[in-house]
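# Descriptive analysis of the structure
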Amino acid sequence: MSDSNTESCATKGKITLVHLYPREMSIYGDLGNTRALATRLRQHRYEVELIDHHPGQKLGAGAHLVVGGGGQDSGQARVEADLAVNGQILKTLAEDGTPMLMICGMYQLFGNDFTTVEGKRLPGLGILDVTTRGNEKRMIGPVVLRTKHGDVVGYENHSGSTTLGPGQQPFGAVRHGQGNNGSDQGEGAVRHHVYGSYLHGPLLPANPAVADALIKAAVDRALTRGFEPEELDDSLADETRTRQIGRLLLGRNRPR
């Protein structure tokens, strides 16, 4: 094999991707976000070390990218004790610029607190300045957001109503759907490189610009050379996103 071929096949470095609580907090397709990140990292020619973190395990401080998903209230209660043990590590990683994507239930637990519909309060990590209360009414349906990454699509299914604290920036502005609480037209929250969102779907396969933003933040922090993206074919994701936006906002492709 020639030196040029060897160089083209070589990886640009290794990224450690940690999935928090894949058994307890990964419903409505959220595992797809982890798979999308791992696949896309490899397509950009980075080696991936994928670690599943389960309750009772020690969370290492070497994570470059952290992902968590949604779950039922019972699932959140099962991971509460582990979050208390590993919370300081996650806070330090977040403050140090480690990119994270937390969906639905984990988004709520990365906030200040979550109070269930029965009135039980689950303390959060306070990484995001958000507060959530459970409701009898669920917010369900497709969503379109306006974000700094362009239009983002997904699917929400949550009964928690989330309020952002003063100065806390949302992930995006709602063009279609309910968002954080159905009233303030905001969805999710972003602080440093930590993203919280109610968007299932999963979020990243349909929105590769968001995936690449997380990957860039991880690589820039982990590797001296910084992010060196490959030219990837995102035509299928772009078509899917365009069709959903057209159907929801412009009325195209609706059943007659």
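Report follows, based on the coordinates.

Quick notes on the rules
Residues numbered from 1 in each chain as written. Predicted model: local features only at pLDDT ≥ 70, side-chain atom pairs only at ≥ 80, totals over all residues. Heavy atoms only, no water. Helix = DSSP H or I, 4+ residues; strand = E, 2+ residues; numbered from the N terminus. Rg over C-alpha atoms; globule rule 2.2 N^0.38 Å. Buried < 20%, exposed > 50% of the residue type's maximum accessible area, 1.4 Å probe, protein only. Contact = heavy atoms within 4.5 Å. Areas by Shrake-Rupley, 256 points an atom, 1.4 Å probe, with all protein chains shown as cover. Lys, Arg positive; Asp, Glu negative; His and termini not counted. Charge placed at Lys NZ, Arg CZ, Asp CG, Glu CD. Pairing = 2+ DSSP bridges. Axes fitted to C-alpha atoms, helices over the stretch in contact; angles between N-to-C directions. Salt bridge = Lys/Arg side-chain N within 4 Å of Asp/Glu carboxyl O. Parallel < 35°, antiparallel > 145°, perpendicular 65-115°, else oblique. Nonpolar A, V, L, I, M, F, W, Y, C, P; charged D, E, K, R; others polar.

Secondary structure summary: the protein contains 7 helices and 12 strands in total. A globule of 256 residues ought to have a C-alpha radius of gyration of about 18 Å, and the protein, at 18 Å, matches this closely. Oriented by its inertia axes, the alpha-carbon framework of the protein measures out at about 65 × 55 × 30 Å. Looking at the 256 residues of the protein, the share that counts as buried comes to 52%. When contacts within the protein are restricted to residue pairs at least 6 apart in sequence, those whose partners lie at least 24 apart make up 70%. Accessible surface, the protein: about 12,000 Å² in total, of which carbon and sulfur atoms supply 48%. Charge-centre separation for the protein: the mean point of 28 positive side chains lies 4 Å from the mean point of 29 negative side chains.

Spatially, the 6 strands line up as an open sheet ordered β2-β1-β3-β4-β12-β11, and their pairing is mixed. The sheet is open, and its two edges are formed by β2 (47-53) and β11 (189-191), each paired on a single side. Strand-to-strand twist across the sheet, computed as the mean angle between neighbouring axes with direction ignored, equals 15°. Running over the sheet, helix α2 (residues 31-43) touches β1 (14-20), β2, β3 (65-68) and β4 (100-103) and is turned about 175° from β1. Those strands touched by helix α6 (residues 208-222) are β1, β3, β4 and β12 (194-197), and its axis lies near 125° from that of β1.

Moving on, we come to the pairing of β4. Judged by which residues are buried, β4 turns out to be covered on both faces: M100 and M102 on one side and L101 and I103 on the other are all buried. Across 3 bridges, β3 lies against β4 in parallel orientation. Pairing of V66 across the sheet is with M100, part of β4. Pairing of β4 with β12 involves 4 bridges; the strand directions are parallel. Its bridge partner being in β12, M100 is matched across the sheet by V194.

Glancing now at the pairing of strand β7 (residues 130-147). In this sheet, β7 lies alongside strand β5 (residues 113-115) in parallel orientation, the contact comprising 3 bridges. Along β7, the bridge assignment pairs T115 with R133. Of the strand pairs in this sheet, β7 and strand β8 (residues 150-164) are connected by 14 bridges, and their pairing is antiparallel. Bridge pairing in β8 places R146 opposite D151. Connecting the antiparallel pair β7 and β8 is a turn made up of 2 residues. In this structure, β7 lies alongside strand β9 (residues 172-176), joined through 3 bridges in antiparallel fashion. Considered in β9, the bridge of V144 is made with H176.

Once that is clear, we can look at the pattern of salt bridges. Within the structure shown, the criterion is met by 11 salt bridges. As a salt-bridge pair, D220 and K216 come within 2.6 Å of each other at their nearest N and O atoms. With D220 and K216 both in helix α6 and 4 residues apart, this pair spans about one turn of that helix. We classify K216 as partly exposed; its relative accessible area is 42%. Among the ionic pairs, D238 bridges to R241, the shortest N-O distance being 2.7 Å. On the criterion of helical spacing, the pair formed by D238 and R241 is a turn pair, its members being 3 residues apart in helix α7 (residues 235-250).

Here the focus is the packing of α2 against α6. Contact geometry for α2 and α6: axes closest at 10 Å, N-to-C directions at 70°. Accordingly, the angle class assigned to the pair α2 and α6 is roughly perpendicular. Of α6, the residues touching α2 (which contributes L37, R40 and L41) are P208, A211, D212, L214 and I215. When grouped by side-chain class, the residues that make up the contact of α2 with α6 number 6 nonpolar, no polar and 2 charged.

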